[in-house]
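Examination of the molecular architecture
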Amino acid sequence: MVTKYDVFEIVYKNRAPLKPIEVVKKLNKDEKEYHVIHKYLRNLAKEKLLIKKKGGFQADISSKSELLYNLILYCIKNEINYNLIL
């Protein structure tokens, strides 16, 4: 099951606008999960972690988003499940 933090990590790492279907493909998920992932993208935009643009969703580079990404990256490098922490 994909979490909103998985979606955030993919979009932030990409640094370019991604459409929801591209996020689905990068996460190696079926198109069945498109609606869930699109919902996460919209919620992350409401939380001001992502920006919705004409070309898709892009990371909103702010101190809040950088801190979250650095925490996720640290957890990935140290094999810690960041979903349990967050």
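Quick summary incoming for the structure in this document. Model, not experiment: these values are computed from the prediction.

Our next topic: the side chain of Ser65. Summarising the element assignment, Ser65 is placed in helix H4 (residues 63–77). Taking relative accessible area as the criterion, Ser65 reaches 0% and is therefore assigned buried. Sequence-distant contacts of Ser65, that is, excluding residues within four places in its chain, are made with Phe8, Tyr12, Leu49 and Asp60.

Our next topic: the pattern of salt bridges. Tallied over the entire structure, the rule returns two salt bridges. In this structure, Glu47 and Lys4 form a salt bridge, with 2.7 Å as the shortest nitrogen-oxygen distance. Of this pair, Glu47 sits in the loop between helix H3 (34–46) and strand S1 (50–53) while Lys4 sits in helix H1 (residues 4–14); the two residues are 43 residues apart in sequence, bridging distant segments of the chain. On the basis of relative accessibility, which here comes to 21%, the residue Lys4 falls in the partly exposed class.

Applying the stated rule across the entire model yields two aromatic pairs. Seen from their ring centres, Phe8 and Tyr12 are 5.5 Å apart, and the 40° between their planes marks the pair as tilted. You can see Phe8 and its partner Tyr12 sitting in helix H1, four residues apart, about one turn around the helix. One exposure class covers both Phe8 and Tyr12, and it is buried. Ring geometry for Tyr12 against Tyr69: centres 4.4 Å apart, planes inclined by 25°, an arrangement best described as stacked. On the criterion of sequence distance, the pair formed by Tyr12 in helix H1 and Tyr69 in helix H4 is long-range, its members being 57 residues apart. These aromatic residues form a ring-pair network of at least three members: Phe8, Tyr12 and Tyr69.

Each value, and the rule that gives it
- Residue indices begin from 1 for each chain and proceed along its sequence in written order.
- Residues qualify for local features only when their pLDDT is at least 70, as the model is predicted, and side-chain atom pairs are given and counted only at 80 or more; totals for whole chains, interfaces and linings, by contrast, use all residues.
- Side-chain metrics rest on all non-hydrogen atoms present in the structure, leaving aside hydrogens and water.
- Labels follow the DSSP assignment, with helices taken as runs of H or I lasting at least four residues and strands as runs of E lasting at least two, numbered in each case from the N terminus.
- For each residue, the accessible area found with a 1.4 Å probe, counting protein chains only, is set against the maximum for its type, and the residue is called buried under 20%, exposed over 50%, and partly exposed in between.
- Any pair of residues with heavy atoms lying within 4.5 Å of one another is described as a contacting pair.
- When a carboxyl oxygen of Asp or Glu lies within 4 Å of a side-chain nitrogen of Lys or Arg, that pair is called a salt bridge.
- Side-chain rings of Phe, Tyr and Trp, where Trp is taken by its six-membered ring, are said to pair if the distance between their centres is within 6.5 Å; with planes under 30 degrees apart they count as stacked, over 60 as edge-to-face, and otherwise as tilted.

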